[in-house]
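Coordinates in review
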Amino acid sequence: MNRAHLDKLFTVVLAGVLAGLALAAAALPAALVFGLGVKNLMPYTALPEALKTPQPAQRSNLYANDGRTLITSFYVEDRVDVPVGEVAPVMREAIVAAEDVRFYEHHGVDVRGVARAFTANRREGTRQGASTLTMQYVRNALAGDPRLTEEQRAAATEITVGRKIREMRYALTLERQIGKDEILGRYLNIAYFGAGAYGIAAASKRYFSTTPDRLTLAQAALLAGLVRSPADDPINGDADSALQRRAYVLDRMVETGRVSAADAEAAKATELALAPNTTPNDCAAVPADHNDWGFFCDWFTQWWNAQPAFGENVDERQRTLRRGGWKIVSSLDPDVQAKASEQVRAIYPETIARAAPTAVVQPGTGRVLAMAVNRTYGTAANPDGQQNYPNTVNQLVAGGGGITGYQAGSTFKLFALLAALESGLPLDTVFDAPPVYVTQYPVGAGPASCGGRWCPANANTYWMDGDRDMWDAFGRSVNTYFAWLTERVGADRVVEMAQRLGIVFRAPADARMAREGAKSWGPFTLGVSATTPLDLAGAYAAVAAEGTWCRPTPVTSITDPAGRKVAAGNTDCRQVLDTEVARAAADASRCPVGDQSMYRRCDGGTAEELAPGLRRPVAGKTGSSERNATETVVAFTPQLSVATIAANPDDPRDAVGGGVQKRQIAAVGRILAWSLRDEPVRDFVPPGQAVAFQHTSPRTGN
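Heads up: these notes are all about the structure in this document. In this text the structure is predicted, and so the values were computed from the model without any measurement. (Residues numbered from 1 in each chain as written. Predicted model: local features only at pLDDT ≥ 70, side-chain atom pairs only at ≥ 80, totals over all residues. Heavy atoms only, no water.)

Here we look at the state of the cysteines
What counts, and what does not: Here, the term disulfide refers to a pair of cysteine sulfur atoms separated by no more than 2.5 Å. Only DSSP runs of H or I covering at least 4 residues are called helices, and only runs of E covering at least 2 are called strands; the numbering of each starts at the N terminus. Relative accessible area decides the class of each residue, using a 1.4 Å probe on protein chains only: under 20% of the type maximum gives buried, over 50% gives exposed, and in between gives partly exposed.
A complete count under the given rule lists four disulfides for this structure. Between the sulfur atoms of C283 and its disulfide partner C297 the distance amounts to 2.0 Å. In this structure, the disulfide formed by C283 and C297 twists by about -80° around the S-S bond and is classed as left-handed. Residue C283 is located in the loop between helix 14 (261-268) and helix 15 (293-305), and its partner C297 is located in helix 15; the two are separated by 14 residues in the primary sequence. Judged by its relative accessible area of 0%, C297 is buried. Here C550 pairs with C573 through a disulfide, and the sulfurs are 2.1 Å apart. Here the S-S torsion is close to 110°, and the disulfide linking C550 with C573 is therefore right-handed. Residue C550 is located in strand 14 (residues 548-550), and its partner C573 is located in strand 16 (residues 573-575); the two are separated by 23 residues in the primary sequence.

Structure below.
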């Protein structure tokens, strides 16, 4: 047996005998340790996953769609791994001098250190641990492994003989399998440096606003000294103690020949010169000058919590987010978001109860470029009587968390239009629309009840009554035409069409009606169901994308710490409409906003001022709920879909009035114009003659 093997064997046996004694500080009989058996003292041949493929908790970063602008981070430990080669040599030397001067000489367990600790503990009654840098790494890696339960992580740090011996055995095995520099790099990435900074990258940023490769000797020595005593961090703790630890590390570096005495003295004389930098954590920590990003961030967390790829339940998914080290490139376009926020506040200021939640969605991908509302994102107290303004974290744009949405009025006529086209009726379907139309649908008492039957009326008989086709009826928003059309195709098909295009029934009464009474839900066509700007923008985006509906998503890509993209970041799109049906609906949707259909059949619209200002092909629809309680505007081009709803989220009885719709139309037009200013002008593909003018069998596929 050669000398190297003898050294290793001696290390194993002596370490196993003395380890528990040194740590427990009680003179346990050597027989207790030997009683574990020779087999238990030998190095492990297999390492646990935490040491083979370490996954220390790392912060996840959420970026804007440029992949560089940080929105916020999510973490339980502020850590991001860096390769050891990207750590300044003085930092590597400082941590070795501070924690394990014989690191490059031992095989994972320092026999001299164990013997010294054992002797000191027996003589002085102290508690020296004699842990090598490798052993410290083993303990930290096991304690921080996110794949373990809390109980398993706690067991990795319990003060017992068995744990200490297990630590030594893993350290010996680890050093047989990977190199010293790799172990050092792992240690630097997992160590806690105080002030909430885990790992050398976070510590460099936290204390000095720099990166590990740019650390000076004085900075490196200070950080190395904090590992042993993180409570002495100079930001929150005792700066004098931190400087004393720095001096100790510098002296050790001189003793071991890593720096000259002159360089060490110069470093000791260097002022602390802290430049603290805090990593944001969670949506409440978005940059103060971009507070409006908070609502998008909040919706991102809702989206993440619903992804089965990240865990079996919400708690697991949150742990995955806050420990997984993901790079998440979101769909948020800061430029579009800024314009949307500006325009929303032109509709309503943030200091009044009424709100104008607005969503901007990209057809063909479902990526959400902006979510704006005239509110401050935060939990600060509001004045008496003001429940959710000016401050709130409620999801007014996307719904959820108790927000069911708002009635969107005649924008829901799109779903009746699509159902009719899909059934085989052409755009040229003509009906002599009366001022009031009595349907077969039962309703309770109210202004739209005629003997217990739903009987909607036109808002402007002079402008709406008479012979109308789909182009004209959609443009002028003729209620009685669409009530008749709903009867022809079936209210249940209209409801199903809305669900197919992503309308979610968040209000329990709406969900129950859709599930149990859709066949008799005629008023659904006029938008009596609660919805959100995000759902509505996504539904109209499907028409813009020629029938491809994409689930609204806040992400462009998600990458794990190894640089691998995960499938959860992909778009979720499917063809839900026959292409010709979608093209026909887009053609009719040009009428409400002052554009002209491919067949020159538009003759009046409720938002005719929108198209001339935009100067590119555009389509859309307006909607007013009963008594103008809410007002809605949706507009889209082949590249973008925008929806805004004016409502009082806290008091549905507070009717916003029809006057606000003019401001909404102007705001939507400006958002589109700004967002598309550098984009090519694209036109809608015209529908064929058949879908425009001929009755056919059902159009249910491409």
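Digging into the sheet that holds strand 4 (residues 358-361)
Quick reminder of the rule: What makes two strands pair is DSSP finding at least two bridges between them. Note on geometry: axes are lines fitted to C-alpha atoms, helical ones only across the stretch in contact, with angles between N-to-C directions running from 0 to 180 degrees. In what follows, a contact means two residues having at least one pair of non-hydrogen atoms within 4.5 Å.
On the basis of which strands lie adjacent, the open sheet formed by five strands has the order 5-4-19-18-17 and antiparallel pairing. Taken across any chain shown, the strands that pair with only one partner, and hence form the sheet edges, are strand 5 (368-372) and strand 17 (619-624). Going from strand to strand, the sheet's axes swing by 5° on average, the running direction of each strand aside. Relative to strand 18 (residues 631-636), strand 17 is paired through six bridges, and the arrangement is antiparallel. Looking at strand 18, one finds that G623 is bridged to T632. Lying over the sheet, helix 24 (residues 533-544) contacts strand 4, strand 5, strand 17, strand 18 and strand 19 (641-646), oriented at roughly 30° with respect to strand 4.

What about the sheet that holds strand 15 (residues 555-559)?
Read across the open sheet, the four strands follow the order 2-1-3-15; overall the sheet is mixed. Every interior strand has two partners, whereas the edge strands, strand 2 (70-74) and strand 15, have only one. Strand after strand, the sheet turns through a mean of 15° between neighbouring axes, direction not considered. In terms of strand pairing, strand 3 (residues 327-330) meets strand 15 through four bridges, oriented antiparallel. Across the sheet, V329 pairs through a bridge with S557, a residue of strand 15. Against the sheet, helix 15 touches strand 1 (60-63), strand 2, strand 3 and strand 15, its axis set at about 45° to strand 2.

Some points on the environment of V373
Mapping V373 onto the fold places it in the loop between strand 5 and strand 6 (376-377). When its relative accessible area of 2% is taken as the criterion, V373 is described as buried. As for V373 and E342, which are separated by 31 residues in sequence, their C-alpha atoms are 9.5 Å apart. Setting aside anything within four residues of it in sequence, one finds V373 in contact with F295, V344, R345, A355, A356, P357, L396 and V397.

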